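Structural overview for review
If you want the building blocks of each chain, they are given just below.
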Amino acid sequence: MPHTAIHSDENKDLLHELKQPEIHQALTGIIHRLPEIERTLQSLEQMTQFSMHVTKDQTTMEALEERLQLSRVDEESLEALIALLAKLPTILEMVEQIEKIALFIKHVVHDEQSMEQIKTSIAELPFIQQQKEAKDFFEAVQTRHKSIEQHISIFTIIKWMKEPNVQKYLKYIQATLDVLKARK
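Residues numbered from 1 in each chain as written. Predicted model: local features only at pLDDT ≥ 70, side-chain atom pairs only at ≥ 80, totals over all residues. Heavy atoms only, no water.

Taking an unreviewed UniProt entry as the reference, the chain is identified by name as DUF1641 domain-containing protein belonging to Virgibacillus dokdonensis.

**Some words on the overall build of the chain**
From N to C terminus, the chain includes eight helices and zero strands. Helices (α) and strands (β) of the chain occur, in sequence order from the N terminus, as α-α-α-α-α-α-α-α. The globule rule puts the C-alpha radius of gyration for 184 residues at 16 Å, and the 46 Å found for the chain is more than 25% above it. With the C-alpha coordinates aligned to their principal axes, the bounding extent of the chain is approximately 150 × 50 × 30 Å. (Helix = DSSP H or I, 4+ residues; strand = E, 2+ residues; numbered from the N terminus. Rg over C-alpha atoms; globule rule 2.2 N^0.38 Å.)

**Regarding the packing of helix α4 (residues 75-110) against helix α5 (residues 112-123)**
The interhelical angle for the contact between α4 and α5, taken along N-to-C directions, is 90 degrees, at an axis separation of 5 Å. Here α4 lies roughly perpendicular to α5, going by the angle between them. Where α4 abuts α5, its residues Val-108, Val-109 and His-110 lie against Glu-112, Ser-114, Met-115 and Ile-118. Its residues assigned to classes, the contact of α4 with α5 comprises four nonpolar, two polar and one charged. (Axes fitted to C-alpha atoms, helices over the stretch in contact; angles between N-to-C directions. Parallel < 35°, antiparallel > 145°, perpendicular 65-115°, else oblique. Contact = heavy atoms within 4.5 Å. Nonpolar A, V, L, I, M, F, W, Y, C, P; charged D, E, K, R; others polar.)

**Here's the deal with the packing of aromatic side chains**
Two numbers describe a pair of aromatic rings. These are the distance of the centres and the angle of the planes. The full count for this structure, using the stated rule, is one aromatic pair. Between Phe-137 and Phe-138, the ring centres sit 5.5 Å apart and the planes meet at 70 degrees, which makes this aromatic pair edge-to-face. Judged by its relative accessible area of 52%, Phe-137 falls in the exposed class. Above the ring of Tyr-169, the side-chain terminus of Lys-168 is found at 5.8 Å from the ring centroid. (Phe/Tyr/Trp six-rings, centres within 6.5 Å; stacked < 30°, edge-to-face > 60°. Buried < 20%, exposed > 50% of the residue type's maximum accessible area, 1.4 Å probe, protein only. Lys NZ or Arg CZ within 6 Å of the ring centre and 35° of its normal.)

**Let's talk about the layout of surface pockets**
Estimated volume of the largest pocket: approximately 370 Å³. Lining the largest pocket are Arg-144, Ser-147, Ile-148, Glu-149, Gln-150, His-151, Ile-152, Thr-156 and Trp-160. Those elements giving two or more residues to the lining of the largest pocket turn out to be α6 (126-147) and α7 (154-161). When grouped by side-chain class, the residues that make up the lining of the largest pocket number three nonpolar, four polar and two charged. (1 Å grid on protein atoms, 1.4 Å probe; cavity = no way out; pocket = protein on both sides within 12 Å on 5 of 7 lines; lining within 4 Å. Points joined across faces, edges and corners; volume = space filled by probe spheres on them.)

**Re the pattern of salt bridges**
Applying the stated rule across the entire model yields two salt bridges. The salt bridge involving Glu-36 is made with Arg-33; its shortest N-O contact spans 3.5 Å. Here the residue Glu-36 and the residue Arg-33 both occupy positions in helix α2 (residues 21-56), the gap between them amounting to three residues, near one helical turn. For Glu-36, a relative accessible area of 39% translates into the label partly exposed. The salt bridge involving Glu-116 is made with Lys-119; its shortest N-O contact spans 3.9 Å. Taken as a pair, Glu-116 and Lys-119 lie in helix α5 at a separation of three residues, close to a single helical turn. (Salt bridge = Lys/Arg side-chain N within 4 Å of Asp/Glu carboxyl O.)

**Quick look at the side chain of Ser-114**
Residue position: Ser-114 is located in helix α5. A polar atom in the side chain of Ser-114 sits 2.5 Å from the side chain of Asp-111. (Polar contact = N/O pair within 3.5 Å; in protein donor to acceptor, adjacent residues only side chain to side chain.)

As structure tokens, then:
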């Protein structure tokens, strides 16, 4: 009799548990998912059987071992990988900055007003201005050269020699000749 009383108490406890709404919902959900669970278990069983057959196949295992040997992952490679992984946050920051810069440049290039401002700014750079002045100077010299119709006499050359700028350039020419002579 005590044996039935124990089972009866256990059954009452079990029935009481089954009446709770959350237990009832969980069991209902499991029952509805039973076909899916069965398919998953069958799939696991098939994969296990496949794995067992592959490990028993000597040719496949030899091919796998050969591939692993060809990869040559040694201690130095692993240390390099760990060092690289440690630097990933820094590399990520740098890549993000490069992306921001590239995006900014893309927006500037596609913005006509910005491009005009850049062109204007470049044209105002001293180096560009000097090149433009030099070009204008040589064009003026070319124009003047074409307009001169008189012949240059020795007296004109002597007159030029008194000019301070001509004297300065002649000194540079003399210095260049002296240096070249000393190197021979």
